[in-house]
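Coordinate inspection notes
Spelled out from the first residue to the last, the chains are:
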Amino acid sequence: MKLWDLSADSVVVLAGILGGRAMQYANTGLVGMIVLTTLAAIVLSLLIFLVYHYMHVPSIVATLGMLMVYETLTTLLFNSEGVKVRGDLTILARSPYCFCVGDLWYHHLCGV
């Protein structure tokens, strides 16, 4: 399709921080963190699409620009602190659980 997306890593980092902070604020636990982080990633990816679609610039320009915006937002909004979660909530960072979230969403959305 001749599309380049160099902003994927910044979406992952910013969505994780936003989802983790929202989970702490709402006190929703692990399920809330999964849902809120997924929603944040969808919104951030949609913003990248809107920039690409409406500005009519090459995908590499749009994604590099949004990469810089997202990296700057991470620093400005949270003073480069990120998010700190309890040890029991870090289970998603370990194998095989890190693969389960994507698999769960895939099966839920595809009805498989």
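Scoring rules and cut-offs
- Per chain, residue numbering runs from 1 following the sequence as it is written.
- It should be noted that, the model being predicted, local features are given only for residues of pLDDT at least 70 and side-chain atom pairs only at 80 or more, the latter also being counted only at that level, while totals for whole chains, interfaces and linings use all residues.
- Heavy atoms from the whole structure form the basis of all side-chain values; hydrogens and water molecules are not counted.
- Helix and strand definitions here come from DSSP, where helices need a minimum of 4 consecutive H or I residues and strands a minimum of 2 consecutive E residues; each element is numbered from the N-terminal end.
- Each residue's exposure class comes from its accessible area (1.4 Å probe, protein chains only) as a fraction of the maximum for that residue type: buried when under 20%, exposed when over 50%, partly exposed otherwise.
- Throughout, a residue-residue contact means that at least one pair of heavy atoms, one from each residue, lies within 4.5 Å.
- Using a 1.4 Å probe, accessible areas were evaluated by the Shrake-Rupley method; residue-level cover was limited to the displayed protein chains.
- An expected span of 1.5 Å times one less than the residue number is assigned to each helix.
- Each direction from the helix axis to a C-beta atom contributes to the arc, which is the arc of those directions.
- Exposure above 30% relative accessible area and no salt bridge define the residues that can form patches, which grow by joining like charges within 9 Å and nonpolar side chains of Val, Leu, Ile, Met, Phe, Trp and Tyr within 5 Å.
- Any carboxyl oxygen of Asp or Glu within 4 Å of a side-chain nitrogen of Lys or Arg constitutes a salt bridge here.
- We call a set of buried residues a nonpolar core when its members are Ala, Val, Leu, Ile, Met, Phe, Trp, Tyr or Cys and they connect through side-chain atoms within 4.5 Å of each other.
- All axes here are fitted lines through C-alpha atoms, helices being fitted over the stretch that makes contact, and every angle between N-to-C directions spans 0 to 180 degrees.
- Angular relationships are summarised with four words: roughly parallel below 35 degrees, roughly antiparallel beyond 145, roughly perpendicular across 65 to 115, and oblique for the angles in between.
- Crossings are sorted by hand: turned counterclockwise from the far helix by less than a right angle, the near helix makes the crossing left-handed, and turned clockwise it makes it right-handed.
- The residue classification treats Ala, Val, Leu, Ile, Met, Phe, Trp, Tyr, Cys and Pro as nonpolar and Asp, Glu, Lys and Arg as charged. All others, Gly included, are polar.

A separate point is the overall build of the protein. Within the protein, the secondary structure is distributed over four helices and zero strands. For the protein, buried positions account for 21% of its 112 residues. The contacts in the protein between residues at least 6 apart in sequence include a share of 68% that link residues at least 24 apart. As displayed, the protein has an accessible area near 7700 Å², and 70% of this comes from carbon and sulfur atoms.

Our next topic: the environment of Ile 60. Looking at where Ile 60 falls in the secondary structure, it is placed in helix H3 (residues 59-78). Linking Ile 60 and Leu 6, residues 54 residues apart in sequence, is a C-alpha distance of 6.9 Å. If near-sequence neighbours (up to four positions away) are discounted, Ile 60 is found in contact with Trp 4 and Leu 6.

Here we take up helix H2 (residues 29-55). Taking 1.5 Å as the rise per residue, H2 with 27 residues should run 39 Å; its terminal C-alpha atoms sit 39 Å apart, in good agreement. Three or more residues of H2 are buried, namely Gly 32, Met 33, Ala 40, Leu 44 and Ile 48. Of the surrounding elements, those touching the buried residues of H2 are helix H1 (8-26) and H3.

It is worth spelling out H3 at this point. Along an α-helix, residues three or four apart share an orientation, since each turn contains 3.6 residues. The end-to-end C-alpha distance of H3, which contains 20 residues, comes to 28 Å, matching closely the 28 Å that a straight helix rising 1.5 Å per residue would cover. Burial in H3 covers these residues: Ser 59, Ala 62, Thr 63, Met 66, Leu 67, Tyr 70, Thr 74 and Phe 78. Seen along its axis, H3 keeps its buried residues to an arc of 135 degrees; they face one direction. Away from its buried face by more than 90 degrees, H3 exposes Met 68 and Leu 76. Turning to H3, the residues buried within the fold contact H1 and H2. Phi turns positive, to about 50 degrees, at Asn 79, one or two residues after H3.

Moving on, we get to a nonpolar patch on the surface. Among the surface-exposed residues, Trp 4, Leu 6, Ile 60, Val 61, Leu 64 and Met 68 lie close enough to one another that they form a single nonpolar patch of about 550 Å² accessible area. Position of Trp 4 among the secondary structure elements: in the segment before H1. Judged by relative accessible area, which is 52%, Trp 4 ranks as exposed.

Bringing the nonpolar core into the picture now. Counting eight residues, the largest nonpolar core consists of Val 11, Leu 14, Ala 15, Ala 40, Leu 44, Ile 48, Met 66 and Tyr 70. Counting only elements with at least two residues in this core, the list comes to H1, H2 and H3. With residues up to four places along the chain from it excluded, the contact list for Ala 15 reads Thr 37, Ala 40, Ala 41 and Leu 44.

Time to look at the packing of H1 against H2. Look at H1 against H2: their axes get within 8 Å of each other, and the N-to-C directions meet at 140 degrees. On the basis of the axis angle, H1 is oblique to H2. With respect to the hand of their crossing, H1 and H2 are arranged in right-handed fashion. Contact with H1, carried on its side by Val 11, Leu 14, Ala 15, Gly 16, Leu 18, Gly 19, Gly 20, Ala 22 and Met 23, involves Gly 29, Gly 32, Met 33, Leu 36, Thr 37, Ala 40, Ala 41, Leu 44, Ser 45 and Ile 48 of H2 and no other residues of that element. Its residues assigned to classes, the contact of H1 with H2 comprises twelve nonpolar, seven polar and no charged.

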